[in-house]
Amino acid sequence: MTKRFLGHAPGRVLGWVLGVLAGVLLTGQAWGADLMGDWVFQAAPSFPRFTKMVIRHDTDGLRGTITSEWYGDLPMLDLKAVGEGPAGERLVFHIDNGNPKLKPLDLTLAPDGSGIRLTGQVWYEKQDATAHRATAAEMAALDFPTYPLLAPAYVPSNGLARTPPMGWSSWNKFAEAIDDKTVREIADALVRSGLRDAGYVYVNIDDGWQGDRGPDGVLHPNVKFPDMKALADYVHARGLKLGIYSSPGPKTCAGYAGSYGHVEQDARTWAEWGVDYLKYDLCSGEGFYHTAETVRAVYQQMGAALNATRRPIVYSLCEYGRFDVGAWGRDVGGNLWRTTGDIEDSYASMAAIGFDKNGVPRHTGPGGWNDPDMLEVGNGGMTTEEYRTHISLWALMAAPLLMGNDARSMTRDTLALLGNAEVIAIDQDPLGRQGLPVRKRDGMEIWTRPLADGSVAVGLFNRTDTPVAITADWPALGLGDHPKVRDLWAHRSVAPNAAHMVPAHGVVLLRAKP
Ligand code: GLA
């Protein structure tokens, strides 16, 4: 590193040496005095909203910590000096927010007048922010609190979700554009369409409802949700239940207030409102909780906090399937746990999750379910046959069925896909076993799911772009030569030896009884 600085004109080098010496005398630091010290950012992009930095060069070498509103204090990794002497003096480093998908992109620090300028990129967000030298008081005001984690303990089951939760969630269609009025209209639509009576009872507000905390720390909704208790009453009056969303980190995935430092308080707030379901999404918490032990501990903390409210609240863990969540999700009080990243409204995304990434089947069962994410049915990005595949796969997997569309304006096709009682009965079968592929070959897949009454749900899937005929080999499926077979989408009995024409990207879903 020092060598890099020697290849310059003697005059510049002499000037630089004198500058460093001055820095040494003034600050006691042996290197790069211009950039060493305590810094506070004037303003910084909202993700991850850097607030301050400490940069030192001492007997421990060159090191730094950068603090952000999303991830708290993070070490500056691989911090090193680059550049051509004092004028071009720069430091580069990167951060690790605990997300395996985050590319470790360089962040650069360079002198900027009497300040320091940070440039680069974190995740998708370009960074360009300046910081000024800060007093001890300014730095202390931006200290990021840390909290002790609970020791591992077993959270007793809340007894809910004996079958996979069913309902609707705002995120896939509305994202942050969700408000009280829309939620009420959705509740009405679920009743009017008959979908409530078909089983879709949870009306879940996902990210984007949160406002600010009061001086007492109580979290208030934002202006789009003027009165959460009144909204819960409205939903309850229609025989439905209300869901809400938060994060164990300081920020949710869309940048709203998370429950960091307010876990028990938030659980009490939601219980007072009359909330019946919580989706708890790791989001910025991934910056704090990088290990199986710490992630488990924060989910345990909320599980215990929900139980302590004594209100029955379905607890949905959303940490994208990290650390084999199904193996411990129940033990922290969870009723369902996401097994994947986010679904998108495309056949490729849905098929990648549904066919090939659906958690560890033995972890699913009454009270606790693998969750391959919410439905996209009715959002327009797939054909009717593709959506039929989507819901058939979810039913075979015993997945939670959370509609993700605008339930106020459904086509007949969408309503028929979501409201098929025979398909819902597969999903909600009380045995609670997760279906599995028994054959995957040449783009064709046969899946089976054993059901409580001794019958078996059988999915004949065609992942190719052209229709194919598929015949079920009943003896090989353990159903004898002549099972009674019903086609659950055609709503009719079929001959056991029938060859089924399965459309491109489509499915034939059967229920067979030996
Ligand atoms: C994450 C979750 C999504 C959704 C968004 C909201 O990406 O996985 O399901 O809740 O956050 O910001």
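The numbering scheme is per chain: residues are counted from 1 as the chain's sequence reads. Per-residue local features are limited, in this predicted model, to residues with pLDDT of at least 70; the limit for side-chain atom pairs, both in listing and counting, is 80 or more; totals at the level of whole chains, interfaces and linings are taken over all residues. Only heavy atoms go into the side-chain values, all of them from the structure, while hydrogens and water stay out.

Draft legend 1. Structural detail: unusual backbone geometry. The step from F47 to P48 runs through a cis peptide bond, and the omega angle for that step is -5°. Helical segments are the DSSP runs of H or I of at least four residues, strand segments are the runs of E of at least two, and each set is numbered from the N terminus. Relative to the assigned elements, P48 resides in the loop between β1 (37-41) and β2 (50-58). In this structure, A175 takes a positive phi of about 45° despite not being glycine. With respect to the helices and strands, A175 occurs in the loop between α3 (171-174) and α4 (180-193). Think of it in three bands: residues with accessible area under 20% of the maximum for their type are buried, residues over 50% are exposed, and the middle band is partly exposed, with areas taken using a 1.4 Å probe on protein chains only. For A175, a relative accessible area of 27% corresponds to the partly exposed category. Located in the positive-phi region is C283, a residue other than glycine, with phi close to 45°.

Draft legend 2. A look at the pairing of strand β23 (residues 468-471). Going residue by residue along β23, you find V468 and I470 tucked away on one face and A469 and T471 left uncovered on the opposite face. At least two bridges found by DSSP between two strands is the condition for calling them paired. Note: β23 against strand β26 (residues 499-502), 4 bridges, orientation antiparallel. Its bridge partner lying in β26, V468 is registered against V502.

Draft legend 3. How the structure looks around the confidence of the model for the protein chain. Averaged over the protein chain, the pLDDT score is 93; the fraction of residues at 70 or greater is 93%. Below a pLDDT of 50 lies the segment residues 1-31, which in the model reaches 33 contacts outside its immediate sequence neighbourhood of four places, other chains included. Scored between 0 and 100, pLDDT is the confidence that the predictor attaches to each residue. Contact criterion: two residues are considered in contact whenever any of their non-hydrogen atoms come within 4.5 Å of each other.

Draft legend 4. Region of the structure containing the site of the ligand. Nearness is defined per residue: one heavy atom within 4 Å of the molecule or strand is enough. Not every one of the 13 residues close to the ligand is listed here, only the nearest: D206, D207, K279, D281 and D342. In protein, a polar contact requires one atom able to donate a hydrogen and another able to accept it; more generally it is a pair of N or O atoms within 3.5 Å, and residues adjacent in sequence count only if both atoms are side-chain atoms. In this structure, D207 approaches the ligand through a side-chain N or O atom, which is 2.8 Å from an oxygen atom. Throughout, the Shrake-Rupley method with a 1.4 Å probe supplies accessible areas, and for residues the shown protein chains are the sole cover considered. When the free accessible area of the ligand is taken as 310 Å², the share hidden by the protein chains comes to 93%. Gly is placed with the polar residues, together with every amino acid not listed as nonpolar (Ala, Val, Leu, Ile, Met, Phe, Trp, Tyr, Cys and Pro) or charged (Asp, Glu, Lys and Arg). Looking at the shell around the ligand residue by residue, the class counts come to 7 nonpolar, no polar and 6 charged.

Draft legend 5. Just the domain arrangement of the protein chain, in detail. In this document the domain limits rely on a domain assignment from an automatic tool or a database. Splitting the protein chain by domain gives domain 1 (20-141), domain 2 (166-427) and domain 3 (436-513). Contacts between domain 1 and domain 2 engage 10 residues on the former and 12 residues on the latter. Note on domain 1 versus domain 2: buried area summed over both sides is about 840 Å², and carbon and sulfur give 57% of it. Ranking the residues of domain 1 by area buried against domain 2 places E69, W70 and Y71 at the top, with a combined share of 57%. Once two parts are brought into contact, the accessible area they lose, counted with a 1.4 Å probe and summed over both, makes up the buried area.

Draft legend 6. Representation of the pattern of salt bridges in the model. By definition here, a salt bridge exists when the distance from a side-chain nitrogen of Lys or Arg to a carboxyl oxygen of Asp or Glu is within 4 Å. On inspection of all chains with the given rule, the structure shows 26 salt bridges. Here D233 makes a salt bridge to K229, at a shortest N to O gap of 4.0 Å. Taken together, the residues D233 and K229, both in helix α6 (residues 228-237) and 4 residues apart, mark about one turn of the helix. The partly exposed category is assigned to K229, whose relative accessible area is 41%. The salt bridge partner of R463 is E445, with a shortest N-O separation of 2.7 Å. Separated by 18 residues along the polypeptide, R463 in the loop between β22 (456-462) and β23 and E445 in strand β21 (residues 444-450) bring together distant segments of the chain. Residue classification places E445 among the buried residues on the basis of a relative accessible area of 4%. Taken together, the salt bridges that share partners define one network made up of K181, E185, D406 and R408.

Draft legend 7. Spotlight on the sheet that holds strand β10 (residues 166-169). Pairing within the open sheet is parallel, and its 8 strands lie in the order β18-β17-β16-β15-β14-β11-β10-β19. Each end of this open sheet is capped by a strand with a single partner; those strands are β18 (369-371) and β19 (401-403). Each strand axis lies, on average, 25° off the axis of its neighbour in the sheet, ignoring direction. Direction of pairing for strand β16 (residues 314-318) relative to strand β17 (residues 336-338): parallel, over a ladder of 2 bridges. Bridging across to β17, L317 finds its partner in W337. Axis lines are fitted through C-alpha atoms, for helices just across the contact stretch, and the angle between N-to-C directions can take any value from 0 to 180 degrees.

Draft legend 8. Examining the sheet that holds β2 more closely. On the basis of which strands lie adjacent, the open sheet formed by 9 strands has the order β4-β3-β2-β1-β9-β8-β7-β6-β5 and antiparallel pairing. The open sheet has two edge strands with one neighbour each: β4 (72-75) and β5 (77-82). The average angle at which neighbouring strand axes cross in this sheet is 25°, direction not considered. The sheet contact formed by strand β8 (residues 115-122) and strand β9 (residues 125-133) spans 7 bridges and is antiparallel.

Draft legend 9. Structural view of the UniProt feature "domain: Alpha galactosidase C-terminal" (unreviewed entry) in the protein chain. UniProt positions are given in the numbering used here, feature names are shortened, and annotations may be inferred rather than shown by experiment. The sites that carry the UniProt feature "domain: Alpha galactosidase C-terminal" (unreviewed entry) are, in the present numbering, residues 442-511. Strand forms 49% of residues 442-511 and helix 0%; the C-alpha atoms that close the span are 24 Å apart.

Draft legend 10. Highlighting the nonpolar core. By nonpolar core we mean a set of buried residues, namely Ala, Val, Leu, Ile, Met, Phe, Trp, Tyr and Cys, connected to one another through side-chain atoms within 4.5 Å. If you look at the biggest cluster of nonpolar residues, it comprises 86 residues, and the most contacted ones within it are W209, Y299, M302 and W394. Two domains each put at least three residues into this core: domain 2 (166-427) and domain 3 (436-513). When neighbours within four sequence positions are excluded, Y299 is seen to be in contact with P248, Y280, D281, L282, Y315, L317, C318, E319, W328 and V332. By size, the runner-up hydrophobic cluster in this structure holds 28 residues, among which are I55, L79, A129 and A131.

Draft legend 11. Local environment of the side chain of D207. Position of D207 among the secondary structure elements: in the loop between β11 (202-204) and β12 (210-213). This buried residue, D207, is left without a salt bridge; K279 holds the nearest opposite charge, at 8.4 Å. At a separation of 3.3 Å, a polar atom in the side chain of D207 contacts the side chain of Q210. A polar contact of 2.9 Å, which involves the side chain of D207, links it to the side chain of T252. Not counting residues up to four positions away in its chain, the partners in contact with D207 are W171, A175, E176, I178, Y245, T252, C253, A254 and Y256. In this tally, Asp and Glu contribute negative charge and Lys and Arg positive charge; neither His nor the terminal groups of the chain are included.

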